[in-house]
Amino acid sequence: MKTKSERFYRRGFWILLPGCFLLGCMTLFLLIRGNYFSMLAQTRSRDTGSYNYESNASYIQRSTQFDMLPVQDTDIVFVGDSITARFEWDEYFTDYTVANRGIDSDVSEGVLNRLDTIISQTPEKIFLMIGINDIRQGIAPEATLTNYEKIVDGLMTALPDCQIYVQSILPVHTSTGIDNTKVQSLNLSLEELAKSKGLTYLDIYSSVVDSENNFTYPVDGVHPTGEGYEIWTGIVEDVLKK
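Report on the accompanying structure. Since the structure is predicted, the reported quantities are computational estimates derived from the model, not experimental observations. (Residues numbered from 1 in each chain as written. Predicted model: local features only at pLDDT ≥ 70, side-chain atom pairs only at ≥ 80, totals over all residues. Heavy atoms only, no water.)

### Things to note about the overall build of the chain
- When helices and strands are counted, the chain shows ten helices and five strands.
- In the chain, which comprises 242 residues, the proportion classed as buried is 43%.
- In the chain, of all internal contacts separated by at least 6 residues, the share reaching a separation of at least 24 is 71%.
- When the accessible area of the chain is evaluated, it comes to approximately 12900 Å², of which 55% is carbon and sulfur surface. (Helix = DSSP H or I, 4+ residues; strand = E, 2+ residues; numbered from the N terminus. Buried < 20%, exposed > 50% of the residue type's maximum accessible area, 1.4 Å probe, protein only. Contact = heavy atoms within 4.5 Å. Areas by Shrake-Rupley, 256 points an atom, 1.4 Å probe, with all protein chains shown as cover.)

### Quick notes on the packing of aromatic side chains
- Scanning all chains against the criterion turns up 13 aromatic pairs.
- Judged by centre distance (6.0 Å) and plane angle (20 degrees), the ring pair of Phe78 and Phe93 falls under stacked. In this pair, Phe78 sits in strand S1 (residues 76-80) while Phe93 sits in the loop between helix H4 (89-92) and strand S2 (98-102), placing the two residues 15 residues apart along the sequence.
- Note on Phe78: relative accessible area 0%, which makes it buried.
- Between the aromatic rings of Phe87 and Trp89, the centroid separation amounts to 4.7 Å while the plane-to-plane angle is 70 degrees, which identifies the pairing as edge-to-face.
- Overall, Phe87 belongs to the buried group, its relative accessible area being 16%.
- Looking at Trp89, the relative accessible area reads 1%, which means it is buried. (Phe/Tyr/Trp six-rings, centres within 6.5 Å; stacked < 30°, edge-to-face > 60°.)

### Quick notes on the pairing of S2
- Taking burial as the measure, the five residues of S2 include five buried ones, the bulk of the element.
- Bridge count for S1 against S2 is five bridges, and the pairing is parallel. Within S2, the position partnered with Phe78 by the bridge is Asn100. (Pairing = 2+ DSSP bridges.)

### Focus: the side chain of Thr176
- Along the chain, Thr176 falls in the loop between strand S4 (163-167) and helix H9 (180-196).
- A distance of 2.8 Å separates a polar side-chain atom of Thr176 from the backbone oxygen of His173.
- Of the polar contacts made by the side chain of Thr176, one reaches the backbone nitrogen of Ile178; its length is 3.2 Å. (Polar contact = N/O pair within 3.5 Å; in protein donor to acceptor, adjacent residues only side chain to side chain.)

Structure (structure tokens):
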């Protein structure tokens, strides 16, 4: 027979359990929604759409690391934001010397201002993917395209024998609040830019989007799962075999 105290604690447990479960679900939801834009400083002005890439803690951390790394000859450099940064390219493409120049939350202006850390690797091939954070931060598409053109022009001038691949921006899930029609529009402009420069455009977007125009393999709405990266690396592998 249970004592009065035991009955009291047992009743309290069952009263608190639903609340704890709800709190846990809310916490998980907020973590998932916030994971993609994992910046210590969000300096965008919602009224003006301005964004200072230099206030991104990840940019400072990674770019200063790049500055201290030795100059070397590499086969491939992958350039981009966290979507690029969070994959182990060198471990996957073991037949090549690979450098990862991805930075969490980076934007096109950020890449433009760290071209030296890419050029110093004297790569034979560069795979570039940048732009989703430009959309997220409200940067005008015209500004993104201007930065993008300066990026490819700078790389082509400094590395005339390097093959540069302009990769489409990946789709996102609707839970992020980003409209994929904006991603598609920017991708069309990037494809036109690539063609005008005589560069190869890689359409990754179409391979990882479902019938409802949602990202098929997201972890948090933006970053790919292993399955998503497998599709992406397969496209890159096809290019490397040519």
